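# Topology and contacts: notes
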Amino acid sequence: MSIKLLCSKLRYLLFLVAGILPLYALSVYAEGIKIGVVNTEKILRESTPALDAQQRIDREFIPRDAEIKEMAQQAKELQEKLEKKGAAMNETDRRELERELANLSRNYQRAQRQMREDLTVRQNEEYGVILELTDKAIHFIAEKENYDLILQLQDSVYRSQRIDITDQVIDVLNTEKRDNATLP
């Protein structure tokens, strides 16, 4: 075997060792890292603060929803009246009824749009508070159980139950709500 061939094989072997050794060291180091994953969407669906917030929002918007439904009913009644009696009415009365229906329809659409916008703003306010509490709960768990990294995920293709701490976070949030204690 020539010296050139021997040198190239040694270089190749050194290259392999140099490439594999850091990966081995990284895997040994990674074994000491503690990682957790939290499903924020589940927290917003199932935690006591989220359920309480949804009830508050519902109570706040039920009267407005009832008003909008009443407007829709009035518009339906006017439409039926126009269809049934419109041909027999004089021109002035028919136009007045059409104008009234058009105004009611515009007011209905405006009220519906305004309620949707207000509902979105209100939900964002409540969810902001819940997400703040969630962050505090996550920090509490991370410090208590020595986590190195906790990721908040809404959708993921796969995550091991071993690293999913969502239920722990929900328990902390539910306990905090029940005890009226404040997280650190």
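Description of the structure in this document. This structure is a prediction, so every number in the text was calculated from the model and none was measured.

For any pair of aromatic rings, the description consists of the separation of the ring centres together with the inter-plane angle of the planes. Under the definition given, this model contains 0 aromatic pairs. Over the ring of Y147 we find K34; its NZ or CZ atom is 4.6 Å from the centre of that ring.

Time to look at helix α3 (residues 48-85). Here α3 contains 38 residues, and its C-alpha end-to-end distance of 54 Å stays within 8% of the 56 Å for a straight helix at 1.5 Å per residue. Along its length, α3 reaches its greatest deviation from straightness, about 40 degrees, at F61, and the proline P63 lies no more than four positions downstream. Along α3, the positions that sit buried rather than exposed are P49, A50, A53, I57, F61, I68, M71, A75, L78 and L82.

On the surface, a cluster of negative charge is contributed by E70, E77, E80 and E83. Inspection of the secondary structure puts E80 in helix α3. Owing to a relative accessible area of 36%, E80 belongs among the partly exposed residues under this scheme.

One non-glycine residue with positive phi stands out, namely N146, at about 55 degrees. Mapped onto the elements of the fold, N146 is located in the loop between α4 (91-145) and β2 (149-153).

Rules behind the numbers
- Residues numbered from 1 in each chain as written.
- Predicted model: local features only at pLDDT ≥ 70, side-chain atom pairs only at ≥ 80, totals over all residues.
- Heavy atoms only, no water.
- Phe/Tyr/Trp six-rings, centres within 6.5 Å; stacked < 30°, edge-to-face > 60°.
- Lys NZ or Arg CZ within 6 Å of the ring centre and 35° of its normal.
- Helix = DSSP H or I, 4+ residues; strand = E, 2+ residues; numbered from the N terminus.
- Expected span 1.5 Å × (residues − 1).
- Bend = angle between axes of the 7 residues up to and from the residue.
- Buried < 20%, exposed > 50% of the residue type's maximum accessible area, 1.4 Å probe, protein only.
- Patch = residues over 30% accessible without salt bridge, like charges linked within 9 Å, V, L, I, M, F, W, Y side chains within 5 Å.
- Areas by Shrake-Rupley, 256 points an atom, 1.4 Å probe, with all protein chains shown as cover.
- Salt bridge = Lys/Arg side-chain N within 4 Å of Asp/Glu carboxyl O.
- Lys, Arg positive; Asp, Glu negative; His and termini not counted.
- Charge placed at Lys NZ, Arg CZ, Asp CG, Glu CD.

Take it as geometry only, folks, not as evidence of what the structure does.
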